[in-house]
Amino acid sequence: MATLKDAAARKPVLATIRLIVPAGAARPAPPVGPALGFYRLNLMAFCKDFNARTQKYKADTPMQVTLTAYKDSTFEFVVKSPSVSWFLKKAAGIETANSRPGHSNVSSLTLRHVYEIAKLKQADPFCKHMSLEALCKSIIGTANSMGIAIVKDL
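Residues numbered from 1 in each chain as written. Predicted model: local features only at pLDDT ≥ 70, side-chain atom pairs only at ≥ 80, totals over all residues. Heavy atoms only, no water.

Novice: Can you break down helix α5 (residues 111–122) residue by residue, with the values?
Specialist: End to end, α5 covers 16 Å across twelve residues, agreeing with the expected 16 Å (1.5 Å per residue, within 8%). For α5, every residue scored as buried is listed here: Val-114, Ile-117, Ala-118 and Lys-121. Looking straight down α5, one finds its buried side chains confined to an arc of 105°; they lie on one side. In this fold, the buried residues of α5 make contact with α4 (84–92), β4 (107–110), α6 (132–146) and β5 (148–151). (Helix = DSSP H or I, 4+ residues; strand = E, 2+ residues; numbered from the N terminus. Expected span 1.5 Å × (residues − 1). Buried < 20%, exposed > 50% of the residue type's maximum accessible area, 1.4 Å probe, protein only. Arc of directions from axis to C-beta. Contact = heavy atoms within 4.5 Å.)

Shown next, in the form of structure tokens:
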């Protein structure tokens, strides 16, 4: 339970902004500029900090960002890893998923691919409490809905 002192120390939240920004390529142009400029946040500070945090990723990797804007024009943000569907498309070597999943398969992946994607997603702040088995089951379900078959060995 939060104490009265903790409640008084919290900053009032103005907005929570969710963006998808390419790794290492944040610029004060759309989509970042209009989203942050509307709340009068420092665009260059966000761009520099985001690019520094995502420099270890390959360029043009879509990173999910959840930014919390406060009323005193400050902000905090959390960078998540790319979506599972992006990882699956890259591993399968396809551009788009199947338009009719369940009727035909676009590609196939092994359980090793699923395990590697699950290990990457487990580093996410919101997935670190999930077991590797639960993440693998979730990834297999996503792959099935995309028309990607999961096999034991190729």
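After that view, the rundown keeps rolling.
Novice: Before we move on, can you summarise the domain arrangement of the protein chain with the specific residues and values?
Specialist: Interface size is commonly expressed as the accessible area that is lost once the parts come together. Taken domain by domain, the protein chain consists of domain 1 (13–81) and domain 2 (83–151). Put simply, the middle of domain 1 and the middle of domain 2, counted by C-alpha atoms, are 26 Å apart. Residue-level contacts link seven residues of domain 1 with seven residues of domain 2. If you sort the residues of domain 1 by the area they bury against domain 2, Pro-62, Lys-80 and Ser-81 come out on top, with a joint share of 64%. Here domain 1 is connected to domain 2 by zero salt bridges. In this structure, the connection of domain 1 to domain 2 is made through two residue pairs in polar contact (both at pLDDT 80 or more). In terms of residue class, the side of domain 1 that touches domain 2 is made up of three nonpolar, three polar and one charged. (Domains from an automatic or database assignment. Buried area = accessible area lost by both parts, 1.4 Å probe. Salt bridge = Lys/Arg side-chain N within 4 Å of Asp/Glu carboxyl O. Polar contact = N/O pair within 3.5 Å; in protein donor to acceptor, adjacent residues only side chain to side chain. Nonpolar A, V, L, I, M, F, W, Y, C, P; charged D, E, K, R; others polar.)

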